[in-house]
Amino acid sequence: MRTGARWLLILAAVGLQNLLYFSLHYTQGWMIPWDFIGPYYALPQYWIEAAHAGVSSNWIPFQGMGYPIHLNVQSGFHYLPLQWFAWVGWPYTLTSAVVRQGLHVAFGALGAAWCAHLLRMDWKLALLAALAYQGFGGFYGNASHPDIVRAYALLPWLMGPVVAPWTDSTRLRVAVALVPLWTQMVWTGGYSGNAIATLALLGGVTAGHGELAVQAVNVPVSVGGLDVAPGDLFDMDANGAVK
C-alpha cells in the first residue's frame with residue numbers, strides 16, 4: 001500500500017472513531033458539563049464577539065472589579081484556533097466550542113500516528129497509536145477543561161521530533177519546522193501546568209541526542225580537564241564556581 005493510501009486509511013479510521021465518540025455532541029446538541037460551559041466558554045466568547053464588534057477586550061470588566069485580559073492565562077486570547085473565529089467573523093457558540101474540542105481529540109490522535117511515523121514504526125503500529133491515543137482517558141477525565149485537552153492534543157506533535165532518531169530526512173525537517181507553532185499553541189491555548197511540564201521534559205530529552213547522547217552511567221568522566229568519579233564531592237563558592 002502506498003504511503004498516501006496508508007495515511008488516508010489512518011485519517012478515515014480516526015474520523016470514524018471520533019464520530020463514534022462525539023457524534024451525539026456534533027449532531028444532537030450533547031454538551032460537556034461543569035467548567036466547560038462556565039468561564040472556559042464565557043471568556044473566549046466575550047473577546048471573540050468584542051472583536052466582531054470592533055471593541056477592545058484588553059480589559060475584562062465583569063469579574064473582580066475588572067482586570068487586564070492577559071492576567072488570565074486561560075483566556076485563550078492568542079490561541080490560533082480561537083482567533084480564527086474572530087478573524088472570519090464566525091460566531092463562537094457552545095456548539096462550536098464542543099465541535100472544536102472533539103476535533104482537538106482527533107488532531108491529537110493524528111499526532112500520535114505522526115509520532116509513530118517519525119519513530120519509523122510500521123504504518124499498522126501508527127494506526128494503532130492513533131486509535132489508542134484517541135481513547136486516552138485524559139481527554140475525557142478532563143473534558144470540562146478545554147485547555148488541558150488542547151495540551152494533550154498537542155503533546156504528540158511536540159514529542160515526535162524530539163524522540164525520533166535524528167537522521168536527515170524530510171519528515172524530520174518538517175516536524176522540527178513545526179515545533180515553534182506547536183509551542184506557541186501550547187502556551188497560548190494549553191493549560192500552563194501542562195505547558196511547563198511538557199517543555200521541561202522535552203528539553204531534557206532533547207539533550208540526549210546526537211553527540212550529547214548518554215553513553216554510560218555511574219562511570220568516571222573527564223570534564224574540562226577535571227577527572228570526576230561517581231560519588232566525588234565538590235565545593236561551590238559564593239559566586240557559584242565549582243571547585
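Before any of the text, the structure's been laid out above.
Keep in mind the model is a prediction, meaning the values are calculated, not measured.

Asker: How would you explain the overall build of the protein chain if you had to name every residue and give the values?
Answerer: The secondary structure content of the protein chain amounts to nine helices and four strands. Going from N to C terminus, the protein chain has its helices and strands arranged as α-α-β-β-α-α-α-α-α-α-α-β-β. The burial tally for the protein chain puts 36% of its 243 residues in the buried class. Of the contacts formed within the protein chain by residues at least 6 apart in sequence, a portion of 65% connects residues at least 24 apart. By element, 67% of the accessible surface of the protein chain is carried by carbon and sulfur atoms, the whole surface being about 13700 Å².

Asker: Can you tell me about the packing of helix α7 (residues 146-163) against helix α8 (residues 170-189), naming the residues and giving the values?
Answerer: In contact at an axis separation of 8 Å, α7 and α8 are set at 160 degrees when each is read in the N-to-C sense. One way to sum up the angle between α7 and α8 is to call them roughly antiparallel. The two elements α7 and α8 cross, and the hand of that crossing is left-handed. Taken together, the residues of α8 that come into contact with α7 (itself represented by D147, R150, A151, L154, W157, L158 and P161) are L172, A175, V176, V179, W182, T183, M185, V186 and G189. By residue class, the composition of the contact of α7 with α8 is 12 nonpolar, two polar and two charged.

Asker: So what's going on with the nonpolar core? Residues and values would help.
Answerer: Counting residues in each nonpolar core, the largest one holds 33 residues, and the members touching the most others are W47, I48, L82, Y92, W182 and V186. Of all the secondary structure elements, the ones that give two or more residues to this core are α2 (39-52), α3 (80-88), α4 (94-118), α7, α8 and α9 (192-206). Leave out the neighbours within four places in its chain, and L82 touches P44, W47, I48, G76, Y92, R100 and R150. Listed in part, the 10 residues of the second largest apolar core include V14, A113, L127 and A130.

Asker: Explain α3 residue by residue, including any values.
Answerer: Three or more residues of α3 are buried, namely L82, Q83, F85 and A86. What you see down the axis of α3 is that its buried residues fit within an arc of 145 degrees, all on one side. Contacts made by the buried residues of α3 are with α2, α4 and α7. The first or second residue beyond α3 is G89, which carries a positive phi of 80 degrees.

Asker: Describe the layout of surface pockets, listing the residues and the values that go with them.
Answerer: Reported here for the largest pocket is a volume of approximately 220 Å³. Along its surface, the largest pocket is lined by D35, P39, Y40, A42, L43, Y46, I60, F62, Q63, Y67, N72 and Q74. Here the element with the most residues in the lining of the largest pocket is α2; it accounts for five residues. Here the lining of the largest pocket is composed, by residue class, of eight nonpolar, three polar and one charged.

Asker: An account of α2 is requested, with residue identities and associated values reported.
Answerer: A rise of 1.5 Å per residue sets the reference length of α2, with its 14 residues, at 20 Å; its end C-alpha atoms lie 20 Å apart and thus fit the reference within 8%. Of all the residues in α2, the buried ones are Y40, Y41, L43, P44, W47, I48 and A50. Structurally, α2 contributes buried residues whose contacts are with β1 (59-60), β2 (67-68), α3, α4 and α7. Looking one or two residues past α2, G54 carries a phi angle of roughly 75 degrees, positive in sign.

Asker: Which residues make up the packing of aromatic side chains, and what values do they have?
Answerer: Summed over the entire model, instances satisfying the criterion amount to 18 aromatic pairs. Seen from their ring centres, W84 and W90 are 5.8 Å apart, and the 40 degrees between their planes marks the pair as tilted. The partly exposed category is assigned to W84, whose relative accessible area is 40%. Residue classification places W90 among the partly exposed positions, given a relative accessible area of 48%. One aromatic cluster in this structure is built from Y21, F22, Y26, Y133, F136, F139, Y140 and Y152.

Criteria and cut-off values
Residues numbered from 1 in each chain as written. Predicted model: local features only at pLDDT ≥ 70, side-chain atom pairs only at ≥ 80, totals over all residues. Heavy atoms only, no water. Helix = DSSP H or I, 4+ residues; strand = E, 2+ residues; numbered from the N terminus. Buried < 20%, exposed > 50% of the residue type's maximum accessible area, 1.4 Å probe, protein only. Contact = heavy atoms within 4.5 Å. Areas by Shrake-Rupley, 256 points an atom, 1.4 Å probe, with all protein chains shown as cover. Axes fitted to C-alpha atoms, helices over the stretch in contact; angles between N-to-C directions. Parallel < 35°, antiparallel > 145°, perpendicular 65-115°, else oblique. Left-handed = near helix turned anticlockwise from the far one by under 90°. Nonpolar A, V, L, I, M, F, W, Y, C, P; charged D, E, K, R; others polar. Core = buried A, V, L, I, M, F, W, Y, C linked by side-chain atoms within 4.5 Å. Arc of directions from axis to C-beta. 1 Å grid on protein atoms, 1.4 Å probe; cavity = no way out; pocket = protein on both sides within 12 Å on 5 of 7 lines; lining within 4 Å. Points joined across faces, edges and corners; volume = space filled by probe spheres on them. Expected span 1.5 Å × (residues − 1). Phe/Tyr/Trp six-rings, centres within 6.5 Å; stacked < 30°, edge-to-face > 60°.

Distances and angles like these do not, on their own, reveal function.
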